Amino acid sequence: MLETATRTPAALAVPTPSGAVGRRASRHIRIGSLVMVETGTGTLPAYTETLPRIPESARAARRLVHLALNVWGLNGLQDAAEVVISELLTNAVLHARRESVRVTVTRLSHERARVAVVDMSKKQPDLRPAGSEEESGRGLAIVDALSGGRWGVESLTWGKRVWAELGPREGEPGE
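Criteria and thresholds
- Residues numbered from 1 in each chain as written.
- Predicted model: local features only at pLDDT ≥ 70, side-chain atom pairs only at ≥ 80, totals over all residues.
- Heavy atoms only, no water.
- pLDDT = per-residue confidence, 0-100.
- Contact = heavy atoms within 4.5 Å.
- Helix = DSSP H or I, 4+ residues; strand = E, 2+ residues; numbered from the N terminus.
- Buried < 20%, exposed > 50% of the residue type's maximum accessible area, 1.4 Å probe, protein only.
- Polar contact = N/O pair within 3.5 Å; in protein donor to acceptor, adjacent residues only side chain to side chain.
- Arc of directions from axis to C-beta.
- Pairing = 2+ DSSP bridges.

Asker: For this particular structure, what's the right way to read the confidence of the model for the protein chain?
Answerer: Caution is warranted with low-pLDDT regions, since their predicted coordinates should not be read in detail. Summing up the model confidence of the protein chain, the mean pLDDT is 80 and the portion of residues at 70 or higher is 67%. With pLDDT under 50 throughout, residues 1–9 is counted as low confidence; its partners more than four residues away or in other chains account for 27 contacts. Counting contacts from residues 13–29, a segment whose pLDDT is below 50, to residues more than four positions away or on other chains yields 18 contacts.

This is the structure we're talking about:
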């Protein structure tokens, strides 16, 4: 999917916890930016955020995905999408280079969404079976299972985008 993003002023925002020290309950935390993504077959809404390439960013990525899917009424995809984005982000943290990654969640239809992580490494991820004694190596198998095999890698000039689609296959009825 060719992504040409056009920024719009909207952003996901959540209220800070009431009683937070030094903060007013009405204050909001900005999470991600709403962009319009050109796919070659049309323009689609997406939320995106650049995060530091550290393990703790998985939480922020899950939160972005959760909130975007909630805004779009795709709550039934949230659990799977949060696991998938965690796995994709973890792979980027372990194997990419540079200090940051970009997380994007795109609404494909009223039932489907795509989550993606862009990093600055050209090294392609490898779906491989992990041995029973191995502590890691199952992330892409989890992504493959939760997305029904609808995931992939797009090479970019400066790195790659690893993505997965969630929801019914195009043309299939929803649940």
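Asker: So what exactly am I meant to see when it comes to the side chain of S57 here?
Answerer: Looking at the element boundaries, S57 is found in helix α1 (residues 57–71). Judged by its relative accessible area of 4%, S57 is buried. Within the structure, the side chain of S57 is placed 2.6 Å from the backbone oxygen of P52, a separation counted as a polar contact. Those residues within four positions of S57 in sequence are excluded, and the remaining contacts are L51, P52 and L89.

Asker: Even after reading the chapter, I still don't get helix α3 (residues 139–147), so can you show me in this structure?
Answerer: For the α-helix, the turn length of 3.6 residues means that residues three or four positions removed from each other point alike. Here α3 has its buried residues at G139, L140, V143 and S147. Projected onto a plane normal to the axis of α3, the buried residues spread over an arc of 95° and lie on a single side. Where α3 ends, the next residue or the one after it, G148, has phi of about 65°, a positive value.

Asker: For this particular structure, what's the right way to read the pairing of strand β7 (residues 113–119)?
Answerer: Successive residues of a regular strand alternate their side chains across the two faces of the sheet. Counting buried positions along β7 yields 7 of 7 residues, so the element is predominantly enclosed. Because side chains alternate across β7, one face comprises the buried residues A113, V115, V117 and D119, and the other comprises R114, A116 and V118, equally buried. The pairing of strand β6 (residues 100–107) with β7 spans 6 bridges and is antiparallel. Bridging from a neighbouring strand, R107 pairs with A113 of β7. Taken together, β6 and the strand that follows it, β7, pair antiparallel across an intervening segment of 5 residues. Of the pairings in the sheet, the one linking β7 to strand β9 (residues 160–166) comprises 7 bridges and is antiparallel in character. Within β9, the position partnered with V115 by the bridge is A164.

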